[in-house]
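# Chain and residue survey
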Amino acid sequence: MILDAIGAPIVLAPMAGGPSTPELTAAVTEAGGFGILAAGYLSADVLAQRISQTQQLTSAGFGVNLFAPGKPTPVEQIAPYLDELAATGAEVGEPRFDDDDWSAKLDLLVADPVAVVSFTFGCPSPTEIERLHAVGSEVWVTVTSTIEAQVAVTARADVLIAQGAEAGGHRATFLSRPGDDLTDPIGLIALMQLLRGTVFPVPLVASGGITTGAGLAAALAAGAAAAQLGSVFMRCPEAGTSAVVRDALTRGRPTALTRAFTGRWARGIRNRFLDEHTATAPAAYPEIHYATSPLRQAARESGDGEAVNLWAGQSYQLAKDRPAAEVVQRLVKGCRVSLEAAAKRISPP
């Protein structure tokens with residue numbers, strides 16, 4: 001298992017849409033962790049280029065994350081929200097559906113295997129998983145509930161990434177009604193305990209709100225083999241985080257879950273667009289992602305942090321502007337100190 005071979009129990013979250021780069025993936029991997037390269041929103045051809053770039057930067061194994069495709073949303077469910085956005089004077093794009101080049105990316109990863117292929121927004125079929133297993137890749141599936149975990153285990157996933165409600169970016173939920181995941185999303189520690197009680201001994205990677213060594217220690221104590229971290233790496237020089245997002249990460253605003261930017265629940269730093277449109281945004285991914293893409297691009301170019309998605313986990317304020325290798329080292333050191341301190345509080349039997 002990959003998780004048994006890495007020097008530090010740290011997995012780089014695949015932050016699609018900008019922050020994920022070959023440089024960041026390689027830096028975390030070279031520092032002893034395990035880097036996962038985001039494939040979301042990329043064509044198979046561009047993904048192939050980024051895999052090649054990462055391979056030139058590190059000889060160690062790394063992973064690639066794919067978005068599992070969903071289903072189209074009827075246009076009548078989207079139209080009122082598009083009218084709402086257009087009434088503000090913002091440029092609205094075409095609310096189209098696609099599968100994120102799913103088949104071509106799977107074919108690429110079978111032809112040019114990587115150590116791990118992880119999945120978000122769904123679980124691949126047993127046949128698709130077997131294709132990846134046949135070329136030596138481990139398959140990791142992101143889950144947010146015990147029901148999703150059982151589906152992934154039945155399909156023969158090797159590792160489950162347990163995503164708590166604290167996590168920044170998109171919720172990985174794939175087996176619930178659209179409103180349920182906001183009504184009572186499960187926090188990381190609760191989810192870890194539930195999964196340990198149902199799918200053990202399948203290895204678990206904990207994800208959600210972890211930005212310190214103490215947080216990493218808590219995840220390991222809860223039964224994780226490693227923790228997947230994203231926000232803590234977003235200010236690293238190797239990350240492709242945009243200037244407007246980097247600025248927002250220094251301001252300390254609270255986060256909230258919203259569908260306003262993409263039509264799928266995601267956690268981001270609160271701003272004007274999030275506050276004004278969360279209540280009316282429909283469950284329609286990726287249609288709303290494409291519809292809001294022009295206005296978000298314009299906001300990034302103009303430096304307007306009030307009209308762009310600012311994905312971040314609940315403890316993003318603790319992230320620092322440091323090289324990725326230093327972040328990994330500090331996390332490991334802090335984890336070790338926290339575990340030793342916790343052990344001292346337990347009386348001998």
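Here, the structure is the one placed above.
One structure accompanies this document, and this report is about it. Note that the coordinates shown come from a computational prediction; the quantities given were computed from them, not determined experimentally.

## Details of the sheet that holds strand β11 (residues 266-269)
Through backbone hydrogen bonds, the strands of a sheet pair up, either in parallel or in antiparallel fashion. One open sheet accounts for three strands, arranged β7-β11-β10; its pairing is antiparallel. Bordering the open sheet on either side are β7 (169-170) and β10 (255-258), each of which pairs with just one other strand. Sheet analysis places β7 next to β11, joined by two bridges and oriented antiparallel. Directly across from glycine 169, in β11, lies its bridge partner arginine 267.

## Considerations on the sheet that holds strand β1 (residues 10-12)
Reading across from one edge, β1-β9-β8-β6-β5-β4-β3-β2 is the order of the eight strands in this open sheet, with parallel pairing throughout. Each having just a single partner strand, β1 and β2 (36-38) make up the two edges of the open sheet. Geometrically, the sheet is characterised by an average inter-axis angle of 30° between neighbouring strands, direction not taken into account. Along the sheet face, helix α5 (residues 102-111) touches β3 (63-67) and β4 (116-120) and points at about 160° away from the line of β3.

## Side note on helix α13 (residues 287-302)
An ideal rise of 1.5 Å per residue puts 22 Å on 16 residues; α13 measures up with 24 Å between its terminal C-alpha atoms. Of all the bends in α13, the largest measures some 45° and sits at serine 293, one to four residues before the proline proline 294. For α13, the complete set of buried residues consists of Glu287, Ile288, His289, Tyr290, Ala291, Thr292, Leu295, Arg296 and Ala299. Residues of α13 that are buried sit in contact with α4 (75-87) and α12 (272-277). Positive phi shows up at glycine 303, right after α13, with a value of about 75°.

## Description of the packing of aromatic side chains
Tallied over the entire structure, the rule returns seven aromatic pairs. Between phenylalanine 261 and tryptophan 311, the aromatic rings sit 5.8 Å apart at their centres with planes inclined by 85°, giving edge-to-face as the arrangement. Separated by 50 residues along the polypeptide, phenylalanine 261 in the loop between β10 and β11 and tryptophan 311 in the loop between α13 and α14 (324-344) bring together distant segments of the chain. The rings of Tyr41, Phe67, Phe121 and Tyr285 are connected pair by pair, giving a single aromatic cluster. The positively charged end of arginine 96 is found above the aromatic ring belonging to tyrosine 290, 3.7 Å away from the centroid. The aromatic ring of phenylalanine 121 is capped on one face by arginine 264, whose charged end is 4.0 Å from the ring centroid.

## Some thoughts on the pattern of salt bridges
A complete count under the given rule lists ten salt bridges for this structure. Measuring nitrogen to oxygen at the nearest pair gives 3.2 Å for the salt bridge that ties glutamate 130 to arginine 156. Placement of the pair is glutamate 130 in helix α6 (residues 126-134) and arginine 156 in the loop between α7 (146-154) and β6 (159-163), with a sequence separation of 26 residues. Owing to a relative accessible area of 39%, glutamate 130 belongs among the partly exposed residues under this scheme. Glutamate 306 serves as the salt-bridge partner of arginine 253, at 2.8 Å between the closest nitrogen and oxygen. Of this pair, arginine 253 sits in the loop between α11 (243-248) and β10 while glutamate 306 sits in the loop between α13 and α14; the two residues are 53 residues apart in sequence, bridging distant segments of the chain. The exposure class of arginine 253 is partly exposed, given its relative accessible area of 35%.

## Observations regarding the packing of helix α3 (residues 44-57) against α5
At a minimum axis separation of 9 Å, α3 and α5 run at an interaxial angle of 30°. Between α3 and α5, the angle is such that the two are roughly parallel. Crossing of α3 against α5: the hand is right-handed. From α3, Ala44, Leu47, Ala48 and Ile51 reach across to α5, where they touch Ala104, Lys105, Leu108 and Leu109.

## A word on α4
Taking 1.5 Å of rise per residue, 13 residues should cover 18 Å, and α4 covers 18 Å from first to last C-alpha, within 8% of that figure. For α4, the full list of buried residues reads Ile78, Tyr81, Leu82 and Leu85. Note on α4: the residue one or two positions beyond its end, glycine 89, has a positive phi of about 90°.

## With respect to the pairing of strand β8 (residues 204-207)
On β8, burial covers both faces: Leu204 and Ala206 on one face and Val205 and Ser207 on the other are all buried. Judged from the four bridges that link them, β6 and β8 form a sheet pairing that is parallel. Note on β8: the bridge partner recorded for alanine 162 is alanine 206. Inspection of the sheet shows β8 paired to strand β9 (residues 226-229) by three bridges, in the parallel sense. Note that in β9 the partner of valine 205 across the bridge is alanine 226. Once the chain exits β8 it traverses helix α10 (residues 213-221) before rejoining the sheet at β9, and the crossover so formed is right-handed.

The rules behind the values
- Residues numbered from 1 in each chain as written.
- Predicted model: local features only at pLDDT ≥ 70, side-chain atom pairs only at ≥ 80, totals over all residues.
- Heavy atoms only, no water.
- Pairing = 2+ DSSP bridges.
- Helix = DSSP H or I, 4+ residues; strand = E, 2+ residues; numbered from the N terminus.
- Axes fitted to C-alpha atoms, helices over the stretch in contact; angles between N-to-C directions.
- Contact = heavy atoms within 4.5 Å.
- Expected span 1.5 Å × (residues − 1).
- Bend = angle between axes of the 7 residues up to and from the residue.
- Buried < 20%, exposed > 50% of the residue type's maximum accessible area, 1.4 Å probe, protein only.
- Phe/Tyr/Trp six-rings, centres within 6.5 Å; stacked < 30°, edge-to-face > 60°.
- Lys NZ or Arg CZ within 6 Å of the ring centre and 35° of its normal.
- Salt bridge = Lys/Arg side-chain N within 4 Å of Asp/Glu carboxyl O.
- Parallel < 35°, antiparallel > 145°, perpendicular 65-115°, else oblique.
- Left-handed = near helix turned anticlockwise from the far one by under 90°.
- Right-handed = clockwise from strand over helix to strand, strands pointing away.

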